[in-house]
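Chain by chain, the residues:
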Amino acid sequence: MSNVTRRSFVTGGAAVLAAALAACTAERTDYYYGSAGGGAGALIGVSMPTKNLERWSRDGANLKTLLEDLGYQVELQFADNKVEQQNSQIQTMVNKSPAVIVVGSIDGSALGPVLATAARAGIQVVAYDRLIRDTEDVDYYVTFDNYNVGRMQGEYIATVLDLDNAAGPFNFEPFSGSPDDNNARFFFEGAWDVLKPYVDAGMLVCPSGKMPASVDDWQSIGIQAWSNTTAQAEMDNRLNSFYSTTTRVDAVLCPNDAIALGVTQALDSAGYTDADWPVLTGQDADQANVENIVKGRQSMTVFKDTRLLGERAATMVDQIVKGQEVEVNDTESYGNGVMTVPAYLIDPVTVDADSVQTVLVDSGYYTADEVGL
């Protein structure tokens, strides 16, 4: 699938799309205003996967504040990365008749039954960052351009190793994200579309043998729940079994910062230093990882400014509650197995040691002291 297909923005057909979405919105709005209420002071449910990852803790708190600033009451719940707990929490929200529920899912395919109860109650659902799959009871999706996240990671590896000109080969170890997270495939596919030609040409070789045969095999190298401890154990195993003081790894594709943190700990334990530290990617701009970038212990991260994501999610909620047309910019990319979910995509940004100051500090996301500058 090309990036053009994934990023099919509303252009000449805007009027037709707007009419269709307005009709869909009106149908659901007429239903839920009778049972769930709306307008200023309406209750909004927010279900986030966990507080244990810095990124989700930030997102939940930020979205709650933004919605409260718009005059809404907010019930925010974190599910400790437990699918049953998230289902239970959403059902409790449904019982309180909110106008909208925003869901950052743990397992995108495990929410169908509880979202069906939300739909019967006339409650609209916004999928937050992670697509909710296998149900027609999701109304909108707000996320980053997840394919582009992976593409940026792959391009960074190709550029730093100078794969178009260097002699090679380079030792390369790939990881992918949690097998139950729909976004993880997009991340891997974006990176793989860049890196696979170099794999085929023998420029990138994988001593551990953990090289997927195709994009469809991305789950074979997935790290469940994006766990840094699981990633560390897996990297420890690869380094101990397939590398030595004379055979070193040159690049590691890590789809997010939690996995990168685990890989960094494994590299430290294996005795890697500044002289042989591999190219190491990440995503989310978590504070510990940005500090590692400043120290030279991680090469880059893809910054997804969750302030913008929260603002867009809050805008969507406000437009839904007020019965307005909900703004989207992608109506083709995100099929969830049952329907194509109208989405709003936000562009991510590459951050490395040269841009930590301008992208993260100057924008107020971190202070210089927080990231070791």
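Everything discussed here concerns the structure shown above.
Since the structure is predicted, the reported quantities are computational estimates derived from the model, not experimental observations. (Residues numbered from 1 in each chain as written. Predicted model: local features only at pLDDT ≥ 70, side-chain atom pairs only at ≥ 80, totals over all residues. Heavy atoms only, no water.)

**Student:** Any chance you could explain the overall build of the protein here in plain terms?
**Tutor:** When helices and strands are tallied, the protein shows twelve helices and twelve strands. Residues classed as buried in the protein amount to 55% of the 373 residues present. Counting only contacts in the protein whose residues sit at least 6 apart along the sequence, the fraction spanning at least 24 positions is 74%. When the accessible surface of the protein is totalled, it reaches about 14,200 Å², and 48% of it is carbon and sulfur. (Helix = DSSP H or I, 4+ residues; strand = E, 2+ residues; numbered from the N terminus. Buried < 20%, exposed > 50% of the residue type's maximum accessible area, 1.4 Å probe, protein only. Contact = heavy atoms within 4.5 Å. Areas by Shrake-Rupley, 256 points an atom, 1.4 Å probe, with all protein chains shown as cover.)

**Student:** Would you explain the packing of helix H6 (residues 146-160) against helix H7 (residues 182-200) in this entry?
**Tutor:** The packing of two helices is summarised by the inter-axis angle and the distance between the axes. At their nearest, the axes of H6 and H7 sit 6 Å apart, and the two run at 35 degrees to each other. Read as a crossing pair, H6 and H7 show a hand that is right-handed. Listed contacts from H7 to Asn146, Tyr147, Val149, Gly150, Arg151, Gly154, Glu155, Ile157 and Ala158 of H6 are Asn183, Phe186, Phe187, Glu189, Gly190, Ala191, Asp193, Val194, Leu195 and Tyr198. (Axes fitted to C-alpha atoms, helices over the stretch in contact; angles between N-to-C directions. Left-handed = near helix turned anticlockwise from the far one by under 90°.)

**Student:** Whenever I open this one, the sheet that holds strand E6 (residues 170-174) confuses me. Can you help?
**Tutor:** Backbone-to-backbone hydrogen bonds pair the strands of a sheet. The strands run either parallel or antiparallel. Here we have four strands laid out as an open sheet, ordered E7-E6-E8-E9, and parallel in their pairing. Edge positions in the sheet fall to strand E7 (204-205) and strand E9 (279-280), since each of these pairs with one other strand and no more. Direction of pairing for strand E8 (residues 251-253) relative to E9: parallel, over a ladder of two bridges. Counterpart to Ala251 in the pairing with E9 is Val279. Contacting E6, E8 and E9, H6 crosses the sheet at an angle of about 175 degrees to E8. (Pairing = 2+ DSSP bridges.)

Shape is all these values report; function is a separate question.
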